[in-house]
Amino acid sequence: MNILTFHNTKRRALTFVGAAALSLTMVVPALAADATTATVTGGALSITNPLVADFAGRGITGVAQTTTAALDTFSVSDLTGTGAGWHVIAQASTFTTGTKTLAVGSLSTPALTATANGTTSAGPTMAAGPYTLDNGPLQIASAALTAGMGTYDFSASTLTLALPADVFAGAYASTVTISVVTAP
């Protein structure tokens, strides 16, 4: 029994200490806050490198046909903090074997979409699709002044290459370039 009584006494002492500490914190007067500043440093405007798969091989059939390849997702990040706006340009060189070329306008893709990734800034305006990529630079997205700040993920897509009925045999190659530049 003595042990139990001693334990209860200890609790009362702890309760008393807690009440004393509480009353001490209430007695301390509030101090006036000092002025403070925050510096925010801008970063860069950047784009991730979208991967383009190889097209499925085709045999000559004497009939026009198509082949497809995947265009992976990519992201545009405007971390500049300027609100200057930006636009995305897509283009591809003419498909060639080195001696034979496919007609300009052979490479297309459906319209892409852009989704905000953690930002509440107004998103870019997307150009209507489908897009023909091997007919010169094409603006596919544009962020207006004070819009497009933060990161935007552009959807994956399928590239379609049109092959004419009288296509020459060979390994055709092209370079697809997707870039972002400052200015709405």
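In case you missed it, the structure is sitting above this.
Within each chain, residues carry numbers counting from 1 in the order of the written sequence. Thresholds applied to this predicted model are a pLDDT of at least 70 for local features of residues and 80 or more for the giving and counting of side-chain atom pairs; totals over whole chains, interfaces and linings are not thresholded and use all residues. Side-chain measures here rest on the full set of heavy atoms in the structure, leaving out hydrogens and waters.

Undergrad: Got a minute to help me understand the overall build of the chain in this structure?
TA: Summing up its helical and strand segments, the chain has 1 helix and 12 strands in all. Segments assigned H or I by DSSP are reported as helices when at least four residues long, segments assigned E as strands when at least two residues long, and all are numbered from the N terminus. Each helix and strand of the chain, ordered N terminal to C terminal, gives the series α-β-β-β-β-β-β-β-β-β-β-β-β. When each of the 184 residues of the chain is scored for burial, the buried share is 26%. Any pair of residues with heavy atoms lying within 4.5 Å of one another is described as a contacting pair. Counted over contacts in the chain with a minimum sequence separation of 6, partners at least 24 positions apart contribute 81%. Each residue is placed in one exposure class: buried if its accessible area under a 1.4 Å probe, protein chains only, is under 20% of its type's maximum, exposed if it is over 50%, and partly exposed if it falls in between.

Undergrad: Is there a simple way to think about unusual backbone geometry in this case?
TA: Note: most peptide bonds trans; most residues except glycine with negative phi. Of note, the bond from G129 into P130 is cis; its omega dihedral lies within 30 degrees of zero at 5°. With respect to the secondary-structure elements, P130 resides in the loop between strand 7 (125-126) and strand 8 (131-132). Located in the positive-phi region is T146, a residue other than glycine, with phi close to 65°. With a relative accessible area of 61%, T146 lands in the exposed category.

Undergrad: Looking at this model, I keep getting lost on the sheet that holds strand 7. Mind explaining?
TA: Hydrogen bonds between backbone atoms are what pair the strands of a sheet, whose relative direction is either parallel or antiparallel. At least two DSSP bridges between two strands are required for those strands to pair. With respect to topology, 4 strands assemble into an open sheet ordered 7-9-4-12, the strand pairing being antiparallel. Of all the strands in the sheet, the pair left with one neighbour each is strand 7 and strand 12 (176-182). Where strand 4 (residues 86-92) meets strand 12, 7 bridges bridge the pair, whose relative direction is antiparallel. In the strand pairing of strand 12, I89 is matched with S179.

Undergrad: Even after reading the chapter, I still don't get the environment of P50, so can you show me in this structure?
TA: Within the element layout of this structure, P50 appears in the loop between strand 1 (45-47) and strand 2 (65-71). Here P50 falls in the buried class, since its relative accessible area comes to 12%. Distance in space between the C-alpha atoms of P50 and I178 is 7.7 Å, their sequence separation being 128 residues.

Undergrad: What am I meant to see in the nonpolar core here?
TA: Proteins that are soluble and globular tend to have nonpolar side chains buried together. Ranked by internal contacts, the top residues of the largest apolar core, which has 25 residues, are F74, W86, V88, L102, L133, I140 and F154. When residues of this core are traced back to their parent elements, those giving at least two are strand 3 (74-78), strand 4, strand 9 (138-143), strand 10 (150-154), strand 11 (157-163) and strand 12. Tallying contributions element by element places strand 4 first for this core, with 4 residues. Apart from the residues within four sequence positions on either side, L102 is in contact with T94, F95, L161, A162, L163, P164, V167 and Y172. What makes a nonpolar core is a set of buried Ala, Val, Leu, Ile, Met, Phe, Trp, Tyr and Cys residues whose side-chain atoms join them at distances within 4.5 Å.

Undergrad: Is there a simple way to explain the layout of surface pockets in this structure?
TA: Empty space left among the atoms is revealed by rolling a probe the size of a water molecule over them. Here the largest pocket defines a volume of roughly 450 Å³. Residues are called lining when one of their atoms sits within 4 Å of a cavity or pocket point, these points coming from a 1 Å grid over the protein atoms alone, where a cavity is a set in which a 1.4 Å probe fits but cannot get out and a pocket is an open set with protein on both sides within 12 Å along at least five of seven lines. Contributing to the lining of the largest pocket are 23 residues, with F55, T67, L161, G170 and Y172 lying nearest its centre. Contributions of two or more residues to the lining of the largest pocket are made by strand 2 and strand 11. Grid points are joined across faces, edges and corners, and a volume is the space filled by probe spheres set on the points.

Undergrad: Which parts of the structure should I look at to understand the side chain of Q65?
TA: Structurally, Q65 is set in strand 2. If near-sequence neighbours (up to four positions away) are discounted, Q65 is found in contact with R58, G59, I60, L161, A162 and L163.

Undergrad: Before we go on, may I ask you to explain the environment of L161 in this structure?
TA: Along the chain, L161 turns up in strand 11. For the pair L161 and S108, spaced 53 residues apart in sequence, the C-alpha to C-alpha distance is 6.6 Å. Aside from chain neighbours lying at most four places away, what touches L161 is F55, Q65, T66, T67, F95, L102, S106 and L107.

Undergrad: Could you clarify how one ought to interpret the sheet that holds strand 2 in this entry?
TA: Reading across the sheet, the 4 strands line up as 2-11-5-8 and stay open at both edges, with antiparallel pairing between neighbours. Each edge of the open sheet carries a strand with a single partner, namely strand 2 and strand 8. As paired strands, strand 5 (residues 107-109) and strand 8 are joined by 2 bridges and run antiparallel to one another. Residue pairing across strands places S108 opposite T132, the latter belonging to strand 8.

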